[in-house]
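Analysis of the macromolecular model
Given next are the chains, with one letter for each unit.
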Amino acid sequence: MQIVKEGYRFITVPLILGLVLLIVSRGTILTTAGIFCILISLFCVYFFRDPQVEITKGDNLILSPCNGTVLEVSENETEKIIKVFLSVLDVHLQRSPVMGKVKCVEYKPGKFLKAMDPQAHIVNEQNIITIENESGKYLVKQIAGILARRCVSWVKPGDILNTGDKIGVIKFSSQVDLHIPKNTDVKVNQGDKVVSGVTIFATLNK
């Protein structure tokens, strides 16, 4: 199993500290602290995991950009929006939902409300990755949460992406919103568990 590069320091720092504490320990307090640090390191290994997945293939498919639980499916006059909550137990890297070209990557500073807060997708810190192809524009919003303090994008304007390519990671619990064209048939519902690059979010109506 691979680990995303952003996780290395979260893994190594508590691991080294824990080992040092265990080596110098002469009592219960330092031993307990050392074990606690090592447990934190092991949790970070789990959190920053990058498991191999078999990307779902097919025509006119729009895949999930993340792992998590669907919070809401909605639409307006121009687009449909699927919101997903990522708990600390979910894989936290994001993938491109479609094939296309990255048009822009916009960072917006903001607050750190809980992902469940209806204002989180508006006021929280976020990265907005816009991917465009012949069928329209697709916006992947990486949204920070109460624990997530950093949204990291691995792509830049001009990059050409295949469906399922890795595009970024959010550190600790968070939310990802996907904005897709109106002429699509959404295949997921509130409460569904989804897997990045595997779950079909929607199909494009030709």
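Refer to the structure printed above.
Procedures and definitions
- Residues numbered from 1 in each chain as written.
- Predicted model: local features only at pLDDT ≥ 70, side-chain atom pairs only at ≥ 80, totals over all residues.
- Heavy atoms only, no water.
- Pairing = 2+ DSSP bridges.
- Helix = DSSP H or I, 4+ residues; strand = E, 2+ residues; numbered from the N terminus.
- Axes fitted to C-alpha atoms, helices over the stretch in contact; angles between N-to-C directions.
- Phe/Tyr/Trp six-rings, centres within 6.5 Å; stacked < 30°, edge-to-face > 60°.
- Buried < 20%, exposed > 50% of the residue type's maximum accessible area, 1.4 Å probe, protein only.
- Lys NZ or Arg CZ within 6 Å of the ring centre and 35° of its normal.
- Expected span 1.5 Å × (residues − 1).
- Core = buried A, V, L, I, M, F, W, Y, C linked by side-chain atoms within 4.5 Å.
- Contact = heavy atoms within 4.5 Å.

1. Concerning the sheet that holds strand S14 (residues 184-186)
Taken in spatial order, the 3 strands line up as S3-S16-S14 in an open sheet, and their pairing is antiparallel. The open sheet terminates on both sides in strands that have one partner only, identified here as strand S3 (61-63) and S14. Adjacent strand axes in the sheet meet at a mean angle of 25° when their direction is disregarded. Examined bridge by bridge, S3 and strand S16 (residues 200-204) share 3 bridges and lie antiparallel to one another. Bridging from a neighbouring strand, Leu63 pairs with Ile200 of S16.

2. Brief notes about the packing of aromatic side chains
All told, the structure shown has 3 aromatic pairs when counted by the stated rule. For the pair Phe10 and Phe48, a centre-to-centre distance of 5.4 Å together with 25° between the ring planes defines the contact as stacked. Of the two residues, Phe10 is situated in helix H1 (residues 8-24) and Phe48 in the loop between helix H2 (28-47) and strand S2 (49-50); the sequence distance between them amounts to 38 residues. A relative accessible area of 21% means that Phe10 is categorised as partly exposed. Aromatic ring contacts, followed pair by pair, group Phe10, Phe43, Phe47 and Phe48 into a single cluster. Cation over ring: Arg9 sits above Phe10, and NZ or CZ is 4.6 Å from the ring centre.

3. A short note on H2
Under the 1.5 Å per step criterion, the end-to-end length of H2 is 28 Å for 20 residues, consistent within 8% with the ideal 28 Å. Buried residues of H2: Gly34, Cys37, Ile38, Ser41, Cys44 and Phe47, and no others.

4. Some remarks on the nonpolar core
Formed by 26 residues in total, the largest nonpolar core has its most connected members in Ile62, Ile82, Val84, Ile129, Val140, Ile180 and Phe201. For this core, the elements supplying multiple residues, two or more each, are strand S5 (79-86), strand S8 (126-133), strand S9 (136-144), strand S12 (166-170), strand S13 (174-181) and S16. In contact with Ile82, other than residues within four places in its own chain, are Val70, Glu72, Val73, Val176, Asp177, Leu178, Ile180, Val186, Val188 and Phe201. Of all hydrophobic cores here, the second largest spans 10 residues; its members include Ile3, Val4, Cys44 and Val169.

5. Quick notes on the pairing of S13
Across the 8 residues of S13, 8 count as buried, placing the element largely inside the fold. Relative to S13, S5 runs antiparallel, the two sharing 8 bridges. Bridged to Val84 within S13 is Val176. Bridge count for S9 against S13 is 6 bridges, and the pairing is antiparallel. Looking at S13, one finds that Ile143 is bridged to Gln175.

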